[in-house]
Amino acid sequence: MSKLSTVARRLVLGRPFRSDKLSHTLLPKRIALPVFASDALSSTAYAPEEIFLVLSVAGLAAYSMAPWIGLAVAAVMLVVIASYRQNVHAYPSGGGDYEVVTTNLGPTAGLTVASALLVDYVLTVAVSMSSAMSNIGSAVPFVNEHKVWFAVVAILVLASLNMRGIRESGTAFAVPTYAFMIGMYVMLAWGFFQIYALGTPLRAESADFEMHSEHGDILGFALVFLVARAFSSGSAALTGVEAISNGVPAFRKPKSRNAATTLLLLGVIAITLFMGIILLAKAIGVQIAERPLEQLGGAPPDYHQKTLIAQLAETVFHGFPLGLYLIASVTALILVLAANTAFNGFPVLGSILAQDRFLPRQLHTRGDRLAFSNGILFLAFGAIAFVVAFQAEVTALIQLYIVGVFVSFTLSQIGMVRHWTRLLRTETEPAARARMVRSRLINTVGLLCTGTVLVIVVVTKFLVGAWIAILAMAALFGVMKLIHRHYAAVSRELDAQAAETEDVVLPSRNHAIVLVSNVHLPTLRALAYARATRPDVLEAITVSVDDAETRQLVHKWEQSDIAVPLKVIASPYREITRPVLDYVKRVGKDSPRTVVTVFIPEYVVGHWWEQLLHNQSALRLKGRLLFEPNVMVTSVPWQLTSSERLRKLAPQSAPGDARKGFLE
């Protein structure tokens, strides 16, 4: 089993990297863009569609507001990009929003941001994978029928790629990301060229359907609420922007400058794609509804509504079906890889939180390939849970989605405003002050924009699912507080005990006890090792659960040349653990300054099923003795022949496997 697990791990992860090879995993800008920006770029594939879906409730007339809502979203994105360029220069250590908020607003606000980001990273993976399967399902109906399982498999594959290391995963993801950008720009350019240069009347397959409102005319406050909800859904295009600020340490030097440049590139590409898709969809008359069979008059009974991107590609590349399949393929790929942003951001943030003792310490250590493997696995399983729970429905998942990211956006901007204000109190150099004032103004505008969007998102999405995300954030916040309290309590306890050791009298005697079940080689070895420790008292004990066997054991002991006395402990109820515990307690009670060392012979076996047949009493006894004060437990191993297979396996195992328990 151990050899099989080691071979499987090497096949999935590759050979392990030395710790001093960490610098070789750093990313140039051309690789960093697809690694950290794939989430924000991919959101252009579904954020415009969500705007049209929400507006469809009011009928076709409401579609005229889509470009203006898109412009509002683009303006907010531009402000957020500019704001985060200030963040990466001021805080390049990789803590991102968590570090900014903790430093400037305190640990409670920082933990609020951390919980929001962790939940949002999980939802990023779930939404991206679900949207990818929907896009593939538009071209391949079989995938649409089983999209939950396809999404689960895709998450597991992506997790395994990331566990191979950030640089290796980035190289693998660069080609699909650039293929998506090129494909989308070609589709948009060719579509607009046909319409405005060639005068070709392009019409989507859904353009001739008659869309009607489900609730009649929507006017007044209801219309305002609908527009606000469409804006909040379209704001999903901003997700992923913050990931670059969390990933600054992964950039090559100069890290801050490269991260800021990548942010600028991300903003230009994302905004042009986002607005281009909305305008082209409006130009060719795409109609997309939440309930197409009820809202689209004239649609055939078996009508299968394609995604917005699929309808655009089908219309623009009419007569060239390969174009549709290419666009559907690169869109699905970018959506799958969009989750890679979360797979790079979540583990880094989890490691920082673990270092600050808000999450288990296991999330702080790197795996064989210098990736934060435990964080990657935690993210993968969390995303799978959401995909299965919501049946990979993008419209359902997106209602939970962007609350967390705008919580972090808003608190981060507050923190940055305080950061610049604090620096301005002590800075006297005019040029530096001018830069700080400009930066503070940018972050102030960012605060106003993101704060406004956060209010709109909470108001419009709370009852339709955002409450689940808010509840998850609150629960995670509470769990991290409890973890931190536990670690702090343990630290105080150990520090107090360390301070008291100066006044504690050292143990005066060592009373060694060897457990005996038979007179055989493991027992003789345990006795020899116990004698080598030179204890003050050495004795052997056995528990009598069967009178005939005990008499036979005593007889063999007396016939041998063993000089150590054997004590027999009666056990009228045929227990082994309790009589040994009682005897050890009596020894400690009679001599409070005596350390009792219990030597337990154990078999080292080579098969898992052999472990079930041996050592069970020893394991139970060790578990109980560990709770006794002034009692030390020493296992004396005896290697059976079957253990040779594990000894031969050891040179092939990875560094640290024994410490991690892989060879147990």
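Residues numbered from 1 in each chain as written. Predicted model: local features only at pLDDT ≥ 70, side-chain atom pairs only at ≥ 80, totals over all residues. Heavy atoms only, no water.

Per an unreviewed UniProt entry, the protein chain goes by Amino acid permease-associated protein and derives from Mycolicibacterium vaccae ATCC 25954. Comment text from UniProt for the protein chain, heading Subcellular location (unreviewed entry), reads "Membrane". (UniProt positions renumbered as here; feature names shortened; annotations may be inferred.)

Digging into the packing of aromatic side chains
Geometrically, a pair of aromatic rings is defined through the distance of the ring centres and the angle of the planes. Throughout the structure, instances matching the rule amount to ten aromatic pairs. Ring plane angle 65° and centroid distance 6.5 Å describe the contact between Phe 317 and Phe 320, whose orientation is recorded as edge-to-face. Taking the relative accessible area as the measure of exposure, Phe 320 reaches 43% and is therefore partly exposed. Ring geometry for Tyr 529 versus Phe 599: centroids 5.7 Å apart, planes at 80°, classification edge-to-face. Note that Tyr 529 is positioned in helix 20 (residues 521-532) and Phe 599 in strand 6 (residues 594-604), a separation of 70 residues in sequence. Note on Tyr 529: relative accessible area 43%, which makes it partly exposed. Phe 599 gets classed as buried once you look at its relative accessible area, which sits at 2%. Feature note: the residues Tyr 84, Phe 406 and Phe 409 constitute an aromatic cluster, connected by ring pairs. (Phe/Tyr/Trp six-rings, centres within 6.5 Å; stacked < 30°, edge-to-face > 60°. Buried < 20%, exposed > 50% of the residue type's maximum accessible area, 1.4 Å probe, protein only. Helix = DSSP H or I, 4+ residues; strand = E, 2+ residues; numbered from the N terminus.)

Concerning the nonpolar core
The biggest cluster of nonpolar side chains holds 156 residues, and the ones touching the most others in it are Leu 266, Leu 312, Phe 343 and Leu 353. Per element, the largest residue contribution to this core is 17 residues, and it comes from helix 6 (residues 107-139). In this structure Leu 266 touches Leu 33, Ala 37, Ala 40, Leu 41, Ile 81, Val 241 and Ile 244, once residues within four positions along its chain are discounted. Of all hydrophobic cores here, the second largest spans 17 residues; its members include Ile 513, Ile 541, Leu 581 and Val 598. (Core = buried A, V, L, I, M, F, W, Y, C linked by side-chain atoms within 4.5 Å. Contact = heavy atoms within 4.5 Å.)

Considering the pattern of salt bridges
According to the stated counting rule, one finds seven salt bridges in the structure shown. Measuring nitrogen to oxygen at the nearest pair gives 3.2 Å for the salt bridge that ties Glu 393 to Lys 147. In this pair, Glu 393 sits in the loop between helix 16 (373-389) and helix 17 (394-401) while Lys 147 sits in helix 8 (residues 147-163), placing the two residues 246 residues apart along the sequence. Classification of Lys 147 by relative accessible area gives buried; the value is 11%. In this structure, Lys 622 and Glu 602 form a salt bridge, with 2.8 Å as the shortest nitrogen-oxygen distance. Separated by 20 residues along the polypeptide, Lys 622 in helix 24 (residues 616-625) and Glu 602 in strand 6 bring together distant segments of the chain. The class of Glu 602 is buried, set by a relative accessible area of 12%. Each of Glu 205, Lys 306 and Glu 314 takes part in a single network of salt bridges with overlapping partners. (Salt bridge = Lys/Arg side-chain N within 4 Å of Asp/Glu carboxyl O.)

Considering the sheet that holds strand 5 (residues 566-570)
Backbone-to-backbone hydrogen bonds pair the strands of a sheet. The strands run either parallel or antiparallel. Strand order in the open sheet made by the five strands is 5-4-3-6-7, with parallel pairing throughout. One side of each edge strand has no neighbouring strand; the edge strands of this open sheet are strand 5 and strand 7 (631-639). Shown here is a sheet whose adjacent strand axes are inclined to one another by a mean of 30°, direction ignored. Taken strand by strand, helix 20 contacts strand 3 (509-515), strand 4 (537-544), strand 6 and strand 7, and its axis lies near 135° from that of strand 7. Of the strands in this sheet, strand 4 and strand 5 touch helix 21 (residues 547-559), which is tilted by about 170° from strand 5. (Pairing = 2+ DSSP bridges. Axes fitted to C-alpha atoms, helices over the stretch in contact; angles between N-to-C directions.)

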